[in-house]
Amino acid sequence: MEAKTVQVAFAGNPNSGKTTLFNALTGARQHVGNYPGVTVEKKYGTCQVNGRKIEIVDLPGTYSLTAVSEEEAVARNAILDGQFKVVVNIVDCSNLERNLYLTVQLLELGVPVILALNMVDIADRRGLAVNTDKLAALLRVPVIPTVGHKQIGLEELKRAILAYQSAGQPLHIDYGPDIEQAIAELEKVLDMPGPRRWFAIKILENDPALVRRLRQTLEADHPLWSKLDHVRQKLIAIYRDTPEILIADRRYGFISGIWQEVAKTGVETRHNFSDQIDSVLIHPVIGLPIFLILMYLVFYAVFTLADAPTRWLESGFSLLGTFLNGFWPAGSDSPIRSLLVDGIVGGVGGVIVFLPNIMLLFLAIALLEDSGYMARAAFIMDRFMHRIGLHGKSFIPMLIGFGCSVPAIMATRILENKRDRITTIMIIPLMSCGARLTIYSLVIPAFFPSHWQAPVLWMIYVFGIVLAAVLAKVLRVFVLKGEGEGLVMELPPYRMPTLRSALIHMALRGRMYLQKAGTVILAFSVILWALTTYPRAPRQITAKIADPAQRKSVELQYAAIGRLGRAVEPGIRPLGFDWRIGTALAAALPAKEMFVAQMGIVLSVGEHTDHREPVLRDQLRRAYSPLTGLCVLIFCLVSAPCLTTIAVTRRETNSWFWAAAQFFGLTALGYLLTLIVFQTGSRFF
Amino acid sequence: MKPSAVPVTNDNQGRPNAGANDVTLAKARPGQTYTVITIAGGCEVRHRLASLGVVPGQSLEIMQPGRFGPVMIAIKGSRLALGHGVSRKVILRPVHLPKESRTHGS
């Protein structure tokens, strides 16, 4: 009996419309997980056909089956595992020749393949006709024409997946007598299971991931190594070029032959419109200003649009708190009431109110990415990034870092080089994330006159960026030495982004954020609440204090977090901070937005009045000087990335060293900078 | 096994006058068509470029020159961005298309 669920993989070049097709097939039935042992996100979803369930894994986009980056290794290993019934290879019909490079390698491996000839409409509009029957016959695979964003060909594709029987013989490309001889010689000394010819070709190609793995499993005097050295040298002597180039060249030759048989057109029109846009958008002189204006507009739009829903959420949580309070008599000190209202609703609610900001930012990022502009941003920034020892692609995760460091650090997986990747991960927390914006929007209006507020906010963002640039340079010069790999990136043609794809992306990120709020933040909220509430002050002391605000303050000094604040006070006094700010900084460790909630508690502001924020600002203004306010801004920007960030850094770098270095290094840097600012500032003011 | 040394000079072999007009991609002129001669870089860069279609013998056109910054090229029906460091490792030879031989007579 056949299993009810069919497992298939989606493989294809980046920008081949793979994800759009995946979204069209699976809709909202998507999940994000992680591949075991590595940090590449695993996206999977399901769809139904004839009562059978198809589970689709959207593999990371790759140009080739040669694994250089971690993403490529993941895609290849998933395919090599052979757990999929079929690998659906999505190819961009309007760029078929280049896209077939991956297809041919899949066929050489001998895995079951269905070719989804995507974006046939665009190809058609440009006068390019591909003979699908002939292509299917030449490659001996089913070929299904599709248009992902118009839902064309989806049913045919699903039916083809179910009907797929089994793969034929692996494709055998004739690499010419010399290379064929080298392959045969390598095959003889290879004693491993699996497609031996394919492994021989890959080893001959000097595939980085495969050679690294073989080095670990085979002993140094294995006959393979001497044989490999011998045949490579021989080929280099004959052709004066390395085998990987020769093999790539022959593969392209084979593809070119197929291309001439199946395609009807010679005119290349795919890029005409795109090139015209590029002559403006990536212009050496005006490209950068356009980019900066665009970024400004994106952020402006995000924060303006998020304003109203954020306020609805705020009043919603405030109502919920009042509602829950209603179950207890006024002034009750029931621990359960306190846990529910102050701990859970206060803590988790305080984080969920940023959901609109986060979701809109990810919507904007998805639109930038889908339209093709993100790659141009990387191109424009490359010159600058090169100066600080990184390359343009590092800029994309940094941009995402303005939303949240966690997905930003995960996005560094687009970087092929490990040194580039670690450097980028280390500086990402200096991008002011959405959570830090809450601190800024509390503190800045409290201490700065209204006409100074926008410039101060702008300056703190820029300060973070400049600091990130300096830190990257320092890391590249002193720690992560060595030349960077440099930018190698496709600039896809501009496309009208589909709202559907962008919305799906946004919903997925929103759900992940809520999951974080429901698990990590919930747990820390409860812990924080306990630390703020216990141990309780003796009744005979608190009973004497009539003023509720003062009583609260005394209670807090008894509680664990108050004691902690007092304990660290001597250490933070030189920064202009007192024990109350100390407790708020401690509270901000799990999540930065907790700082605001904790300041509210320590300054004894009633939690559920409608005018909470203005009242809190008044209290701040009375309690501290503007210089302290500025120091809070600087310290919160630079020091101690939140614990979730540290956990992701640990996972992504696979090293506690880098996670610890990020945490302690940035905290020390934040301390030093704040110390300088406060000590210098207090001389003058 | 170490990655084999890359023979940068393969273009100098047996072809008369070869290499005289060769330039690196970083110094190539916009609008001009070139043929890739060789990639004088490490194994990873060569793999990466090969998978994007940049192989010896392939012709390409410069869309945006990159004397100081990244360069944008048109190759095999797609547009690629190569950073300054990478583009200095790609050796090109200008191709004189019939279109350009027209200016020859003037």
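Our subject is the structure listed above.
Residues numbered from 1 in each chain as written. Chains lettered and ligands numbered in written order. Predicted model: local features only at pLDDT ≥ 70, side-chain atom pairs only at ≥ 80, totals over all residues. Heavy atoms only, no water.

Chemist: What's the story with empty space enclosed by the protein in this structure? I'm lost.
Modeler: Where empty space is left can be seen by rolling a probe of water-molecule size over the atoms. Counting across every chain of the model gives seven cavities of 30 Å³ or more. Every residue lining the largest cavity is counted, 18 residues in all, and those nearest its centre are Cys404, Cys433, Ala435, Lys516 and Glu593 of chain A. Of all the secondary structure elements, the ones that give two or more residues to the lining of the largest cavity are helix H18 (405-411), helix H20 (434-447) and helix H22 (499-533) of chain A. For the lining of the largest cavity, the element with the highest residue contribution is H20 of chain A, accounting for three residues. Space inside the second largest cavity adds up to approximately 70 Å³. Together, Ser64, Thr66, Val68, Glu72, Tyr101, Glu205, Glu244 and Ala248 of chain A together with His47, Arg48, Ala50 and Ser51 of chain B line the second largest cavity. Among the elements of the structure, helix H11 (243-262) of chain A together with helix H1 (43-51) of chain B are those that each provide at least two residues to the lining of the second largest cavity. Among the elements that take part in the lining of the second largest cavity, H1 of chain B stands out by supplying four residues, more than any other. Class assignment for the residues of the lining of the second largest cavity results in four nonpolar, four polar and four charged. (1 Å grid on protein atoms, 1.4 Å probe; cavity = no way out; pocket = protein on both sides within 12 Å on 5 of 7 lines; lining within 4 Å. Points joined across faces, edges and corners; volume = space filled by probe spheres on them. Helix = DSSP H or I, 4+ residues; strand = E, 2+ residues; numbered from the N terminus. Nonpolar A, V, L, I, M, F, W, Y, C, P; charged D, E, K, R; others polar.)

Chemist: What am I meant to see in the interface of chain A and chain B here?
Modeler: Where interface size is quoted, it is often the accessible area lost as the parts come together. Contacts between chain A and chain B engage 50 residues on the former and 39 residues on the latter. Of the roughly 4100 Å² buried between chain A and chain B, counting both surfaces, carbon and sulfur atoms make up 57%. Linking chain A with chain B are five salt bridges, by the criterion used here. Taken together, chain A and chain B are joined by 14 residue pairs in polar contact (both at pLDDT 80 or more). Breaking the side of chain A that touches chain B down by element, the ones donating at least two residues are helix H3 (96-109), helix H9 (208-217), helix H10 (223-239), H11, helix H12 (272-281), helix H16 (373-387) and strand E10 (488-490) of chain A. Tallied by class, the residues present in the side of chain A that touches chain B amount to 16 nonpolar, eleven polar and 23 charged. (Contact = heavy atoms within 4.5 Å. Buried area = accessible area lost by both parts, 1.4 Å probe. Salt bridge = Lys/Arg side-chain N within 4 Å of Asp/Glu carboxyl O. Polar contact = N/O pair within 3.5 Å; in protein donor to acceptor, adjacent residues only side chain to side chain.)

Chemist: When you look at the packing of helix H7 (residues 177-189) of chain A against helix H8 (residues 196-204) of chain A in this model, what are you seeing that I'm missing?
Modeler: When two helices pack together, their arrangement is given by the angle between their axes and by how far apart the axes lie. Residues and elements named next belong to chain A. Closest axis-to-axis distance for the H7/H8 pair is 9 Å, and the angle between their directions is 115°. By the angle class used here, H7 and H8 are roughly perpendicular. The crossing of H7 and H8 is right-handed. Only Arg196, Arg197, Ala200, Ile201 and Leu204 of H8 make contact with H7, whose side of the interface consists of Ile179, Glu180, Ala182, Ile183, Leu186 and Glu187. (Axes fitted to C-alpha atoms, helices over the stretch in contact; angles between N-to-C directions. Parallel < 35°, antiparallel > 145°, perpendicular 65-115°, else oblique. Left-handed = near helix turned anticlockwise from the far one by under 90°.)

Chemist: Sorry, what's going on with H8 of chain A here?
Modeler: At 3.6 residues per turn, the α-helix brings residues three or four places apart onto the same side. Residue and element names in this part refer to chain A. Of all nine residues in H8, eight are buried, a share of seventy percent or more. If you check which residues of H8 are buried, you get Arg197, Trp198, Phe199, Ala200, Ile201, Lys202, Ile203 and Leu204. Immediately beyond the C-terminal end of H8, within one or two residues, lies Asn206, with a positive phi of roughly 65°. (Buried < 20%, exposed > 50% of the residue type's maximum accessible area, 1.4 Å probe, protein only.)

Chemist: Help me understand the environment of Val262 of chain A, please; the structure alone is not making it clear to me.
Modeler: All names here are of chain A. Counting through the fold element by element, Val262 comes out in helix H11. Residues Val262 and Met381 lie 119 residues apart in sequence; the distance between their C-alpha atoms is 40 Å. When sequence neighbours within four positions are dropped, the list of residues in contact with Val262 reads Ala129, Val130, Asn131, Lys134, Leu135 and Leu138.

Chemist: It is not clear to me how the nonpolar core should be interpreted in this structure. Could you clarify?
Modeler: Most often, soluble globular proteins keep nonpolar side chains buried together rather than apart. All names here are of chain A. Judged by nonpolar contacts, the single largest core of 118 residues is most densely connected at Phe577, Phe595 and Met599. The element that contributes the greatest number of residues to this core is helix H15 (residues 355-371), accounting for ten residues. Other than its neighbours up to four places away in sequence, Met599 contacts Arg580, Ile581, Ala584, Leu616, Leu620 and Tyr624. Core analysis: the next-biggest nonpolar cluster, separate from the first, contains 67 residues, Leu128, Leu204, Leu224 and Ile255 among them. (Core = buried A, V, L, I, M, F, W, Y, C linked by side-chain atoms within 4.5 Å.)

Chemist: What is the right way to look at the environment of Glu569 of chain A in this model?
Modeler: Residues and elements named next belong to chain A. Locating Glu569 in the fold gives a position in helix H25 (residues 560-572). Through-space distance from the C-alpha of Glu569 to that of Thr583 is 9.4 Å; in sequence the pair is 14 residues apart. Discounting residues that sit within four places of it in the chain, Glu569 has contacts with Asp578 and Trp579. One polar contact links the side chain of Glu569 to the main-chain amide nitrogen of Trp579, over a distance of 3.2 Å.

Chemist: Looking at this structure, how should I read the pattern of salt bridges?
Modeler: Once their charged atoms are close, side chains differing in charge can pair, the charge on each being opposite to the other. All names here are of chain A. Inspection of the entire model under this criterion finds 28 salt bridges over all chains. Put simply, Glu569 and Arg573 hold a salt bridge, and the shortest N to O gap is 2.7 Å. Judged by its relative accessible area of 12%, Glu569 is buried. With a closest N to O distance of 3.0 Å, Asp578 and Arg580 form a salt bridge. Judged by relative accessible area, which is 23%, Arg580 ranks as partly exposed.

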